[in-house]
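# Notes for the structure review
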Amino acid sequence: MTKRGVSIAAGIIVLVAGIGLFAFVRFPLGAVEEPGRFEMRAATWAKHLLAQRASRSGIPPAPTDRQSSLVEGDKVFGVDCAACHGMDGRHPTDAGRWMYPRAADLGSKEVQSYSDRELFWIIKNGIRLSGMPAFAKVESDEHIWDLVLYLRTLPETGRRAPTKE
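Residues numbered from 1 in each chain as written. Predicted model: local features only at pLDDT ≥ 70, side-chain atom pairs only at ≥ 80, totals over all residues. Heavy atoms only, no water.

Check the secondary structure of the protein chain and you find 9 helices and 0 strands. Counting from the amino terminus, the protein chain carries its helices and strands in the arrangement α-α-α-α-α-α-α-α-α. A total of 165 residues make up the protein chain; the buried ones form 30% of that total. Pairs at least 24 apart in sequence give 64% of the contacts found in the protein chain among residues at least 6 apart. Carbon and sulfur atoms provide 63% of the accessible area of the protein chain, an area that totals close to 11,100 Å². (Helix = DSSP H or I, 4+ residues; strand = E, 2+ residues; numbered from the N terminus. Buried < 20%, exposed > 50% of the residue type's maximum accessible area, 1.4 Å probe, protein only. Contact = heavy atoms within 4.5 Å. Areas by Shrake-Rupley, 256 points an atom, 1.4 Å probe, with all protein chains shown as cover.)

Written out as structure tokens, the structure is:
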């Protein structure tokens, strides 16, 4: 058997095994029910792995004036993020609760476990097949960094950071 023939046979075996596993697990297609533990763990692991790999290069440096970034990040969050994640970033709106996957609690351990570079990449590029849009064509890199730094304040306060008037 040729090398190509072995590759095709291996592909068919993997496909058949995948279909069998899919049927065995009875993977639900609908978005009404919450995903099971296995699905959540697999999706979380994959998102972290892919974000880590994607953010290795092409990320500009973070701003140095942290206080100004927090103030600006609060403003940008209210315009770009609150519609799904809620004004406090921790309690999604109706729109965020009913998208699939659900809009994340941005102060959660899972979200906060991403590095700053990974969060920057996610905000800038979005995540396919989820409700997370890409902001690369909407916001500057500086504003995206402002959002990243602002998101870091959410676990501490559970509410929006104060703004300067």
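This part is about the nonpolar core. With 21 residues, the main nonpolar core has Phe77, Leu106, Phe120, Ile123, Leu147, Val148 and Leu151 as its most contacted residues. Elements with a contribution of two residues or more to this core: helix 3 (66–80), helix 7 (116–125) and helix 8 (141–151). The element best represented in this core is helix 8, accounting for 6 residues. (Core = buried A, V, L, I, M, F, W, Y, C linked by side-chain atoms within 4.5 Å.)

It is worth spelling out helix 7 at this point. When helix 7 is considered as a whole, its buried residues turn out to be Glu118, Leu119, Phe120, Ile122, Ile123 and Lys124. Residues of helix 7 that are buried make contact with helix 2 (37–54), helix 6 (109–112) and helix 8. Just downstream of helix 7, Gly126 is the residue with a positive phi angle, here 70°.

The next subject is the pattern of salt bridges. Per the stated rule, a full pass over the model turns up 4 salt bridges. Between Asp105 and Arg90 there is a salt bridge whose closest N-O contact spans 2.9 Å. With Asp105 in the loop between helix 5 (94–98) and helix 6 and Arg90 in the loop between helix 4 (82–85) and helix 5, this pair connects stretches of sequence that are 15 residues apart. Relative accessible area serves as the criterion here: at 25%, Asp105 is assigned to the partly exposed category. By relative accessible area, which is 23% here, Arg90 ends up partly exposed. In this structure, the salt-bridge partner of Lys124 is Asp141, at a minimum N-O distance of 2.8 Å. On the criterion of sequence distance, the pair formed by Lys124 in helix 7 and Asp141 in helix 8 is long-range, its members being 17 residues apart. (Salt bridge = Lys/Arg side-chain N within 4 Å of Asp/Glu carboxyl O.)

For the rest of this paragraph, the subject is helix 2. In an α-helix, one turn spans 3.6 residues; hence positions three or four apart end up facing the same way. Taking 1.5 Å of rise per residue, 18 residues should cover 26 Å, and helix 2 covers 25 Å from first to last C-alpha, within 8% of that figure. Among the structural elements, helix 6 and helix 7 are those in contact with the buried residues of helix 2. (Expected span 1.5 Å × (residues − 1).)

Mapping Phe120 onto the fold places it in helix 7. Spatially, the C-alpha atom of Phe120 lies 10.0 Å from that of His143, the residues being 23 residues apart in sequence.

Two cysteines whose sulfur atoms are joined by a covalent bond form what is called a disulfide. In the structure shown here, the tally under the stated rule is 0 disulfides. Cysteine Cys81 remains unbridged, with the sulfur of Cys84 as its closest cysteine sulfur at 8.8 Å. By relative accessible area, which is 24% here, Cys84 ends up partly exposed. (Disulfide = S-S within 2.5 Å.)

In this structure, the largest pocket spans a volume of roughly 1,200 Å³. Forming the boundary of the largest pocket are 46 residues, of which Lys47, Pro101, Ile127, Ser130 and Met132 lie nearest the centre. Mapped onto the lining of the largest pocket, the elements with two or more residues apiece are helix 2, helix 4, helix 6 and helix 7. Take the lining of the largest pocket: its biggest share by element is 9 residues, from helix 2. Within the lining of the largest pocket, the residues separate by chemical class into 31 nonpolar, 7 polar and 8 charged. (1 Å grid on protein atoms, 1.4 Å probe; cavity = no way out; pocket = protein on both sides within 12 Å on 5 of 7 lines; lining within 4 Å. Points joined across faces, edges and corners; volume = space filled by probe spheres on them. Nonpolar A, V, L, I, M, F, W, Y, C, P; charged D, E, K, R; others polar.)

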